[in-house]
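# Analysis of the macromolecular model
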Amino acid sequence: MSPAFVDEQLSDWQLPDRVQDTLTLAISVIIESVPFVFLGILLSAVVQVWLPHGVLARHLPRNPVLRRASISLLGMFFPVCECGNVPLARGFMVGGFTVSESITFLLAAPILNPITIITTHQAFGWDGHILVARLLGGFLIANVVGWLFSKHPDPQSLLATKFAAACATGSTNGHDHEHGGLGRESRFSQTTEIFIRETSVIMPALFIGSAVAALTQVFVPRSVLLALGSNPVWSVLAMMALAFIVAVCSNVDAFFVLSFGSTFLPGGIVAFLVFGALIDVKMLALMRTTFTSHTLIQITVVVGLMSAALGLLVNYVA
């Protein structure tokens, strides 16, 4: 069999278009997310091993409302997207944050970080109040959700069983977090161990979430969403559905949705930028490593309702 014949046979064999599209989309989401995931895991390990136990928690205001508001702004100092914030929030919980405080950070940080602010401004400027609505909406939603969960009678029940057990021992890798007597080499070793352990937990969830997002994008006709763009109500709901499906990183999602600006009303764009940064299929898969399914359903419902209300407000007021 000649090499030319083999090359011809291979060139004739191709995956079906939808399979190719699914693989391409899934891989693109993974490639886009992985650097931020690794950065978030590394920061999580640093928080757990190198910072004195509870140092961040001790320097925050004592008043619960002001405390959560301050936690909302921590994303300014940790400019990673929503994927990287999951392991970082896990580290904060181990380091002394309450469950409600960690949820507040997890929801606020993807929007209130400098990269997201800059890219949103570059995409939209001050047009249609989109940037202001995104920042204020993200801050408000994160704090309302944090306040709601602060009233829960048993916060530990909100956590996935394995992670709750890890928190009880003081570290996501099962080691005692009181590391004051550890030498530099021991700390590097523990940092490496946490990085490997967190990667083994987070990465499978990222792969699953990326695959689900890709499959949904391929098999749900985008024309259905576009047909709804001019309606004040349906434009908001359609863009929220699109944000949930496409699972674009919050640091670059403004450029993705910019192409819909001429088709959808500003409220729909705002709903996309707020809801998608907090909740999407990829994010839920990652958050499931930390929270119970019931907790995620509650978070999704509250965030969804508030994002929709924000989008409608922009449509009818702006």
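Residues numbered from 1 in each chain as written. Predicted model: local features only at pLDDT ≥ 70, side-chain atom pairs only at ≥ 80, totals over all residues. Heavy atoms only, no water.

Take the overall build of the chain next. Looking only at helices and strands, the chain features 16 helices and zero strands. Per-residue burial for the chain yields a buried fraction of 50% across its 318 residues. For the chain, contacts bridging at least 24 residues in sequence account for 81% of all contacts bridging at least 6. A total accessible area of about 14,400 Å² is found for the chain, and carbon and sulfur atoms account for 69% of it. (Helix = DSSP H or I, 4+ residues; strand = E, 2+ residues; numbered from the N terminus. Buried < 20%, exposed > 50% of the residue type's maximum accessible area, 1.4 Å probe, protein only. Contact = heavy atoms within 4.5 Å. Areas by Shrake-Rupley, 256 points an atom, 1.4 Å probe, with all protein chains shown as cover.)

Another point: the nonpolar core. Ranked by size, the top nonpolar core spans 73 residues in total, and within it Ile-269, Leu-278, Phe-291 and Val-303 carry the most contacts. Element by element, the count of residues in this core is highest for helix 14 (residues 266-278), at nine residues. Not counting residues up to four positions away in its chain, the partners in contact with Phe-291 are Met-93, Val-99, Ile-103, Leu-106, Leu-158, Leu-159, Ala-160 and Leu-296. (Core = buried A, V, L, I, M, F, W, Y, C linked by side-chain atoms within 4.5 Å.)

So, on to helix 14. When the terminal C-alpha atoms of helix 14 are compared, their 19 Å separation across 13 residues agrees well with the 18 Å that a helix rising 1.5 Å per residue should span. Within helix 14, twelve of the 13 residues are buried, which leaves it mostly tucked inside the rest of the structure. Taken as a whole, helix 14 has its buried residues at Gly-267, Gly-268, Ile-269, Val-270, Ala-271, Phe-272, Leu-273, Val-274, Phe-275, Gly-276, Ala-277 and Leu-278. (Expected span 1.5 Å × (residues − 1).)

Scanning the entire structure with this criterion turns up three aromatic pairs. Arranged with centres 5.8 Å apart and planes meeting at 45°, the rings of Phe-38 and Phe-195 form a pair that is tilted. Within this pair, whereas Phe-38 is found in helix 2 (residues 17-49), its partner Phe-195 is found in helix 10 (residues 184-219), the two being separated by 157 residues in sequence. With a relative accessible area of 33%, Phe-38 lands in the partly exposed category. Phe-195 gets classed as partly exposed once you look at its relative accessible area, which sits at 26%. A centroid spacing of 5.0 Å and a plane angle of 25° characterise the contact between Phe-92 and Phe-97, whose relative ring orientation is stacked. (Phe/Tyr/Trp six-rings, centres within 6.5 Å; stacked < 30°, edge-to-face > 60°.)

The next point concerns the pattern of salt bridges. Within this structure, the stated rule accounts for two salt bridges. Linking Arg-67 and Glu-101 is a salt bridge whose minimum nitrogen-to-oxygen distance equals 2.5 Å. Here Glu-101 lies in helix 6 (residues 99-108) and Arg-67 lies in helix 4 (residues 64-72), a separation of 34 residues in the sequence. Owing to a relative accessible area of 7%, Glu-101 belongs among the buried residues under this scheme. For the salt bridge of Arg-134 with Asp-253, the shortest nitrogen-to-oxygen distance reads 2.7 Å. Placement of the pair is Arg-134 in helix 8 (residues 130-150) and Asp-253 in helix 13 (residues 253-258), with a sequence separation of 119 residues. Judged by its relative accessible area of 0%, Arg-134 is buried. (Salt bridge = Lys/Arg side-chain N within 4 Å of Asp/Glu carboxyl O.)

It is worth spelling out the packing of helix 14 against helix 16 (residues 293-317) at this point. Orientation of helix 14 relative to helix 16, taken along the N-to-C sense of each, is 160°, at an axis distance of 7 Å. Overall, the two elements helix 14 and helix 16 adopt an arrangement that is roughly antiparallel. For the element pair helix 14 and helix 16, the recorded crossing hand is right-handed. Of the residues in helix 16, those touching helix 14 at Pro-266, Gly-267, Gly-268, Val-270, Ala-271, Val-274, Phe-275 and Leu-278 are Thr-300, Val-303, Gly-304, Ser-307, Leu-310, Gly-311, Val-314 and Asn-315. (Axes fitted to C-alpha atoms, helices over the stretch in contact; angles between N-to-C directions. Parallel < 35°, antiparallel > 145°, perpendicular 65-115°, else oblique. Left-handed = near helix turned anticlockwise from the far one by under 90°.)

So, about the confidence of the model for the chain. In the predicted model, the chain carries a mean pLDDT of 80, and the fraction of residues at 70 or more is 80%. Segment residues 172-181 is flagged for pLDDT under 50; beyond a separation of four residues in sequence, or across chains, it makes 34 contacts in the model. (pLDDT = per-residue confidence, 0-100.)

This paragraph deals with a nonpolar patch on the surface. A cluster of nonpolar side chains, contributed by Val-233, Trp-234, Leu-237, Leu-313, Tyr-316 and Val-317, occupies part of the molecular surface with about 640 Å² of accessible area. Mapping Trp-234 onto the fold places it in helix 12 (residues 232-246). On the basis of relative accessibility, which here comes to 49%, the residue Trp-234 falls in the partly exposed class. (Patch = residues over 30% accessible without salt bridge, like charges linked within 9 Å, V, L, I, M, F, W, Y side chains within 5 Å.)

Tracing the backbone shows Leu-60 in the loop between helix 3 (55-58) and helix 4. Spatially, the C-alpha atom of Leu-60 lies 7.1 Å from that of Ser-70, the residues being ten residues apart in sequence. If we skip the residues at most four places from it in the chain, Leu-60 touches Arg-67, Ser-70, Ile-71 and Phe-97.

The next thing to look at is the side chain of Ser-235. Locating Ser-235 in the fold gives a position in helix 12. For Ser-235, a relative accessible area of 0% puts it in the buried group. A distance of 3.3 Å separates a polar side-chain atom of Ser-235 from the backbone oxygen of Pro-232. Discounting residues that sit within four places of it in the chain, Ser-235 has contacts with Leu-228, Gly-229, Phe-264, Leu-265, Gly-268 and Asn-315. (Polar contact = N/O pair within 3.5 Å; in protein donor to acceptor, adjacent residues only side chain to side chain.)

For an α-helix the count is 3.6 residues per turn, leaving residues at separations of three or four pointing the same way. In a regular helix each residue adds 1.5 Å, so 21 residues correspond to 30 Å; helix 8 covers 30 Å between its end C-alpha atoms and thus fits that length. Turning to helix 8, its buried residues are Ile-130, Leu-131, Ala-133, Arg-134, Gly-137, Gly-138, Ile-141, Ala-142, Asn-143, Val-145, Gly-146 and Phe-149. Each element contacted by the buried residues of helix 8 is listed here: helix 4, helix 6, helix 7 (114-124), helix 13, helix 14 and helix 16.

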